[in-house]
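Tertiary structure, described
The chain contents come next:
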Amino acid sequence: FSPMTEHNSPNPDPVLLTGPLRESAAIIRLIAMDVDGVLTDGSINLDDNGVETKRFSVRDGLGISVWMRLGFEAAFITRRSGGALNHRARELGVKHIVQGSKDKQAALRDLADATGVRVEEMIFVGDDWPDLPAFKTAGLSAAVADADELVRGRASVVLSRPGGAGAIRELVEELLKAKGMWRQATDLFE
């Protein structure tokens, strides 16, 4: 929690990307993210017919949309497969979806080839052990607040919000601030 400023108004949320980390964040052009536990709370919901449903945060969705409206890329890389993610990606306009990925590190390299974005210009967001190889490859890595302890310890930055509850939105805001594009983003809605 941030204390009140001398003008008696609350400080903005704490800045997660500071110093050299902020400089590295300024070159990020693509956010690649795991799905279950990052875009969702990690629950797998199955109905009586075995149909899987997922619950996504609209705040994360807006963050992804703003990021892409400003000319950047987003990608979903997940070990699981399902129609719910395809629908959400279509709604948001996310073109890069890798489902059933057993090797997220290789998926990032393939994504670099497909998009022309160097892996150094990517940030990968994860929550559990299968995400660790991608952490080694991407220029930066981020863990959601409720990520596994080992994953949080290996991430470049640990977000203050849990998966499925605005963590991606928080990251987008931090990246845009590091790029000096915060005002440009908010101007989209004024």
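Overview of the structure. (Residues numbered from 1 in each chain as written. Predicted model: local features only at pLDDT ≥ 70, side-chain atom pairs only at ≥ 80, totals over all residues. Heavy atoms only, no water.)

**Observations concerning the overall build of the protein chain**
The helix and strand tally for the protein chain stands at eight helices and eight strands. Whereas a compact globule of 190 residues would reach a radius of gyration of roughly 16 Å, the protein chain reaches 16 Å, a difference of no more than 12%. Residue burial in the protein chain is summarised as follows: out of 190 residues, 45% are buried. Pairs at least 24 apart in sequence give 55% of the contacts found in the protein chain among residues at least 6 apart. As displayed, the protein chain offers around 9800 Å² of accessible surface, 49% of which is attributable to carbon and sulfur atoms. (Helix = DSSP H or I, 4+ residues; strand = E, 2+ residues; numbered from the N terminus. Rg over C-alpha atoms; globule rule 2.2 N^0.38 Å. Buried < 20%, exposed > 50% of the residue type's maximum accessible area, 1.4 Å probe, protein only. Contact = heavy atoms within 4.5 Å. Areas by Shrake-Rupley, 256 points an atom, 1.4 Å probe, with all protein chains shown as cover.)

**Some words on the pairing of strand E7 (residues 140–143)**
Residue alternation in E7 divides its side chains into two sets, Leu140 and Ala142 and Ser141 and Ala143, and both sets are buried. As paired elements, strand E6 (residues 122–126) and E7 share four bridges and run parallel to each other. Bridge pairing in E7 places Phe124 opposite Ser141. Following the backbone out of E6, through helix H5 (residues 132–137) and into the adjacent parallel E7, one traces a crossover that is right-handed. Relative to strand E8 (residues 157–158), E7 is paired through two bridges, and the arrangement is parallel. (Pairing = 2+ DSSP bridges. Right-handed = clockwise from strand over helix to strand, strands pointing away.)

Nothing here speaks to function; it is geometry throughout.
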